[in-house]
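# Fold and geometry: a report
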Amino acid sequence: EKGGYDYFMLKEIAEQPKAVADTLLGRIDAAGSLTLDEVRISASELREVDKVVIVACGTAFHAGLIAKYAIEHWTRIPCEVELASEFRYRDPILGARSLVIAISQSGETMDTLMALRHAREQGSKVLAICNTNGSTIPRESDAVLYTHAGPEVAVASTKAFLTQLVACYLVALYLGQVRGTKWGDEISAVIRDLSHISGEVERVLETMEPVRALARSLASKDTVLFLGRHVGYPVALEGALKLKELAYMHAEGFAAGELKHGPIALIEEDLPVVVVVPSPRGRSVLHDKIVSNIQEIRARGARTIVIAEEGDEAVVPYADHLIRIPATPTLLQPLVATVPLQVFACELATARGNEVDQPRNLAKSVTVE
Ligand code: F6R
């Protein structure tokens, strides 16, 4: 049932191109518009939405953090993202015009379920993004957009994450379409790029051997840091979470702009630091800033592991290890940038003799608060 792979996690990482394609299937029509008939919240209700609030836990929360960038950019609706376990305890401001999005692979996570119940009690509409048909979270929501990752068996979430991102992009684009905000060339171009993205994920998977070798060479390290900016920041958080779960290593993700506000004090000789570099096209200011961050940490001894777009030559002089990913629009970059981090964590776990599919102390679905 592992289809020739040693671990379910490896199989699920390899299934990502298909999972991404399946989640897009039937949702973009020939004319390039979105048809999300399953989202049973009417267009007129969606036009009234004045705030989006995303609630989720763990990896699904990281998908939500990325969704915020897409939703605010494409729809201009303010969007908050909150850990489901914190949400209802702070008496959040919600109303009939708030759209709450609950993201959950299992559909059974108690923290997320309690957050969505709280939102519905306040009169808000809840849209679930979920991978498990008929599970509790979609059953208790007003509408559901299913991700089509197929069953995810390994405790550490991989393919579900990529499909959560796809679903979030679809919701963001759909909101933009329904409301007519910024609906133009940029959005049409993104939809076109989304329909090719599964091939790009496949290309990343074909180039992972050096990432595995690098991971094995770091097996005796204690700490790995991850830096990113913009949507690369949640990707850094996700890379760190995967490493904690699987390799039982100390790992932290930071927004690169925060370095000088504290974390740079952690940099010491030969400390591995993974940096997710934004595209040099588009938001090139961010690109240039992160290149300076890489220079700063390298000058202090860090071993820099740089994830950068093909053709980005500016990073070459400062990268001790360079991991190439295909060029994508900035907002879609997490779909390709996360993959090497999953492979990295999985290989480190194996090298350290850990149980990849069943990390210690963790359960696949967390049904207690
Ligand atoms: C990380 C991981 C967890 C889950 C979290 C939410 O690899 O698996 O952080 O993402 O427990 O689970 P779901 O998505 O089922 O609500």
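Bear in mind that the values here come from a model prediction, so they are computed numbers and not experimental data. (Residues numbered from 1 in each chain as written. Predicted model: local features only at pLDDT ≥ 70, side-chain atom pairs only at ≥ 80, totals over all residues. Heavy atoms only, no water.)

Summed over all chains, the structure comprises 25 salt bridges. Between E80 and K51 there is a salt bridge; the shortest N-O distance is 3.4 Å. Placement of the pair is E80 in strand β2 (residues 79-83) and K51 in strand β1 (residues 51-56), with a sequence separation of 29 residues. On the accessibility criterion, K51 (16% relative accessible area) is buried. (Salt bridge = Lys/Arg side-chain N within 4 Å of Asp/Glu carboxyl O. Helix = DSSP H or I, 4+ residues; strand = E, 2+ residues; numbered from the N terminus. Buried < 20%, exposed > 50% of the residue type's maximum accessible area, 1.4 Å probe, protein only.)

The end-to-end C-alpha distance of helix α9 (residues 185-205) is 30 Å, a good match for the 30 Å that 21 residues give at a rise of 1.5 Å each. At H196, α9 shows its largest kink, close to 45°. Turning to α9, its buried residues are I187, V190, I191, L194, I197, S198, V201, V204 and L205. If you follow the buried residues of α9, they end up packed against α1 (8-14), α2 (16-24), α4 (58-75), α8 (159-179) and α13 (333-351). (Expected span 1.5 Å × (residues − 1). Bend = angle between axes of the 7 residues up to and from the residue. Contact = heavy atoms within 4.5 Å.)

Turning to the layout of surface pockets, a few remarks are in order. One number sums up the size of the largest pocket: a volume of about 520 Å³. Lining the largest pocket are 23 residues, and of these C57, G58, T59, K364 and V366 sit closest to its centre. Among the secondary structure elements, those contributing two or more residues to the lining of the largest pocket are α4, β3 (98-104), α6 (110-121) and α11 (232-247). Sort the elements by how many residues they give to the lining of the largest pocket and α4 lands first, with three residues. Looking at the lining of the largest pocket residue by residue, the class counts come to nine nonpolar, 10 polar and four charged. (1 Å grid on protein atoms, 1.4 Å probe; cavity = no way out; pocket = protein on both sides within 12 Å on 5 of 7 lines; lining within 4 Å. Points joined across faces, edges and corners; volume = space filled by probe spheres on them. Nonpolar A, V, L, I, M, F, W, Y, C, P; charged D, E, K, R; others polar.)

Bringing the packing of aromatic side chains into the picture now. In the structure shown here, the tally under the stated rule is one aromatic pair. Between R360 and the ring centre of Y248, over which it is positioned, the NZ or CZ distance is 3.9 Å. (Phe/Tyr/Trp six-rings, centres within 6.5 Å; stacked < 30°, edge-to-face > 60°. Lys NZ or Arg CZ within 6 Å of the ring centre and 35° of its normal.)

Turning to the nonpolar core, a few remarks are in order. Counting 95 residues, the largest nonpolar core has V52, W74, I101, F226, L243 and F344 as its most contacted members. A per-element tally of this core places α8 first, with 14 residues. For I101, the contacting residues outside a window of four places in its chain are V52, V53, I54, V55, I71, L127, I129 and V171. If you look at the next biggest cluster of nonpolar residues, it comprises 19 residues, including L271, V273, V277 and V315. (Core = buried A, V, L, I, M, F, W, Y, C linked by side-chain atoms within 4.5 Å.)

For helix α12 (residues 284-299), which comprises 16 residues, the first-to-last C-alpha distance of 23 Å matches the rise-based estimate of 22 Å (1.5 Å per residue) to within 8%. Residues of α12 that are buried include every one of L286, H287, I290, V291, N293, I294 and I297, and no others. Taken around the axis of α12, the buried residues stretch over an arc of 160°, which confines them to a single face. Away from the buried face of α12 by more than 90 degrees, exposed residues V285 and A299 are located. Check the buried side of α12 and you find it contacts β6 (223-228), β8 (272-276) and β9 (303-309). Trailing α12 by a residue or two, G301 shows a phi angle of about 105°, which is positive. (Arc of directions from axis to C-beta.)

Attention now moves to the sheet that holds strand β5 (residues 143-146). The five strands are arranged β2-β1-β3-β4-β5 in an open sheet whose pairing can be described as parallel. The strands lining the two open edges of the sheet, one partner per strand, are β2 and β5. Shown here is a sheet whose adjacent strand axes are inclined to one another by a mean of 20°, direction ignored. Sheet topology note: the β3/strand β4 (residues 125-130) ladder contains six bridges and is parallel. Paired with V100 across the strands is V126, a residue of β4. Of the strands in this sheet, β1, β3 and β4 are in contact with α6, which crosses β3 at around 165°. (Pairing = 2+ DSSP bridges. Axes fitted to C-alpha atoms, helices over the stretch in contact; angles between N-to-C directions.)

What follows deals with the side chain of D312. Here D312 shows up in the loop between β9 and β10 (321-325). This buried residue, D312, is left without a salt bridge; R324 holds the nearest opposite charge, at 5.4 Å. At 2.7 Å, the side chain of D312 forms a polar contact with the side chain of H287. Not counting residues up to four positions away in its chain, the partners in contact with D312 are V277, P278, P280, H287 and R324. (Lys, Arg positive; Asp, Glu negative; His and termini not counted. Polar contact = N/O pair within 3.5 Å; in protein donor to acceptor, adjacent residues only side chain to side chain.)

We now examine the confidence of the model for the protein chain. When pLDDT is averaged along the protein chain, the result is 94; 99% of the residues meet or exceed 70. The complex prediction reports pTM at 0.97, with the ipTM value standing at 0.98. (pLDDT = per-residue confidence, 0-100.)

In contact at an axis separation of 9 Å, α2 and α8 are set at 30° when each is read in the N-to-C sense. Classed by the angle they form, the pair α2 and α8 counts as roughly parallel. Viewed along their axes, α2 and α8 form a crossing whose handedness is right-handed. Where α2 abuts α8, its residues Q16, A19, V20, T23 and L24 lie against K159, L162, T163, V166, A167 and L170. For the contact of α2 with α8, a count of residues per class yields seven nonpolar, three polar and one charged. (Parallel < 35°, antiparallel > 145°, perpendicular 65-115°, else oblique. Left-handed = near helix turned anticlockwise from the far one by under 90°.)

Here we come to the pairing of β8. Within β8, five of the five residues are buried, leaving the element largely enclosed by the surrounding structure. Of the two faces of β8, the one holding P272, V274 and V276 and the one holding V273 and V275 are both buried throughout. In this sheet, β8 lies alongside β6 in parallel orientation, the contact comprising three bridges. Across the sheet, the residue bridging to F226 is V274, located in β8. Bridge analysis of β8 against β9 gives five bridges, and the strand direction is parallel. Residue pairing for β9: V274 is matched across the bridge by I305.

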